[in-house]
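Working through the structure, step by step
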Amino acid sequence: MALERVWKSLLVIAIVGLGGVVLVQAGFVSPPWGPDDGTARVVDNESDDDPKAVIDVEIADSRQERYTGLSNHESLESGNGMLFVFEQEGERTFVMREMDFPIDIIYIGADHEITSIHHARAPDPNEDGNDLKYPGRGKWVLEVPRGYTNETGIEVGDHVEIDLESNQTIVAETGASLSSEGVATAAPPSESVAGRATYFDS
């Protein structure tokens, strides 16, 4: 009888554990060991001496977090943003669903180069924010307050260095990647949503 209870308990634990792994792998929830915050340092393509901007970011790396975006924020202060993290570079579209204020949306490629910037306006009172679509190509998407890119001189072609709370630094050089210890290593060249803005999975 006691042995049967032990087996049932182990079976329940295994099922719950497997369910958690599936949810993390599917991107529905973030792993508990994943970073929540970090910084994005934007440097000029020509020189990396002084950064154009250093932005404190919240990380959105699960499907649910990317869909929600900054919907639980009333505003976004200068120097703050949200960084949307994807597995690989691809075509993406962000919408302004229920957005109360405007933002800049910055698409960043797998090579850490800014590929496009949108100055996204908030929808009018009777306008559906889902109709305000801002497409781009990137592995990361950074949302900052509207006008921040103009104020700081951030532009297409600049490089973005991302430092996550877990102390893993992504180096803003083409051909670099992270080892399992978070140390930048050389890689072969061939391996190459503020307010209520949210990711629209097209």
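**Section: the overall build of the chain**
- The helix and strand tally for the chain stands at three helices and 11 strands.
- The helix and strand sequence of the chain, counted from the amino end, reads α-β-β-α-β-β-β-β-α-β-β-β-β-β.
- Accessible area for the chain stands at about 11,400 Å²; split by element, carbon and sulfur atoms hold 52% of it.

**Structural notes on the packing of aromatic side chains**
- With the rule as written, the count across this model stands at two aromatic pairs.
- Ring centres of F84 and F94 lie 4.9 Å apart, and the angle between their planes is 80°; on these two criteria the pair is classed as edge-to-face.
- By relative accessible area, which is 0% here, F84 ends up buried.
- Their ring planes at 80° and their centres at 6.0 Å tell us that F94 and Y107 sit as a pair that is edge-to-face. Of the two residues, F94 sits in strand β3 (residues 80-95) while Y107 sits in strand β4 (residues 103-108), which places them 13 residues apart along the sequence. Y107 shares its class with F94; the two are buried.
- Through pairs of rings, three or more aromatic residues link up here, namely F84, F94 and Y107.

**Concerning the pairing of strand β5 (residues 114-120)**
- Sheet topology places β4 next to β5; six bridges connect them, and they run antiparallel. Paired with I106 across the bridge in β5 is I117.

**A word on the pairing of strand β1 (residues 37-43)**
- Strand direction decides the pairing type here: β1 and strand β2 (residues 53-60), joined by six bridges, are antiparallel. Each bridged residue has a counterpart across the sheet, and for A40 the counterpart in β2 is I55.
- Both β1 and strand β7 (residues 159-164) contribute to a ladder of six bridges, which runs antiparallel. From the neighbouring strand, G38 faces β7, where its bridge partner is L164.

**Points about the nonpolar core**
- Membership of the largest hydrophobic core comes to 18 residues, with the highest contact counts inside it found for I55 and L142.
- Among the secondary structure elements, those contributing two or more residues to this core are β1, β2, β4, β6 (133-145) and β7.
- Sort the elements by how many residues they give to this core and β2 lands first, with four residues.
- When neighbours within four sequence positions are excluded, I55 is seen to be in contact with G38, T39, A40, V42, G79, N80, G81, L142, V144, Y148 and I154.
- Counting residues in hydrophobic clusters, the runner-up holds 17 residues, among them A60, F94, I105 and V141.

The rules behind the values
Residues numbered from 1 in each chain as written. Predicted model: local features only at pLDDT ≥ 70, side-chain atom pairs only at ≥ 80, totals over all residues. Heavy atoms only, no water. Helix = DSSP H or I, 4+ residues; strand = E, 2+ residues; numbered from the N terminus. Areas by Shrake-Rupley, 256 points an atom, 1.4 Å probe, with all protein chains shown as cover. Phe/Tyr/Trp six-rings, centres within 6.5 Å; stacked < 30°, edge-to-face > 60°. Buried < 20%, exposed > 50% of the residue type's maximum accessible area, 1.4 Å probe, protein only. Pairing = 2+ DSSP bridges. Core = buried A, V, L, I, M, F, W, Y, C linked by side-chain atoms within 4.5 Å. Contact = heavy atoms within 4.5 Å.

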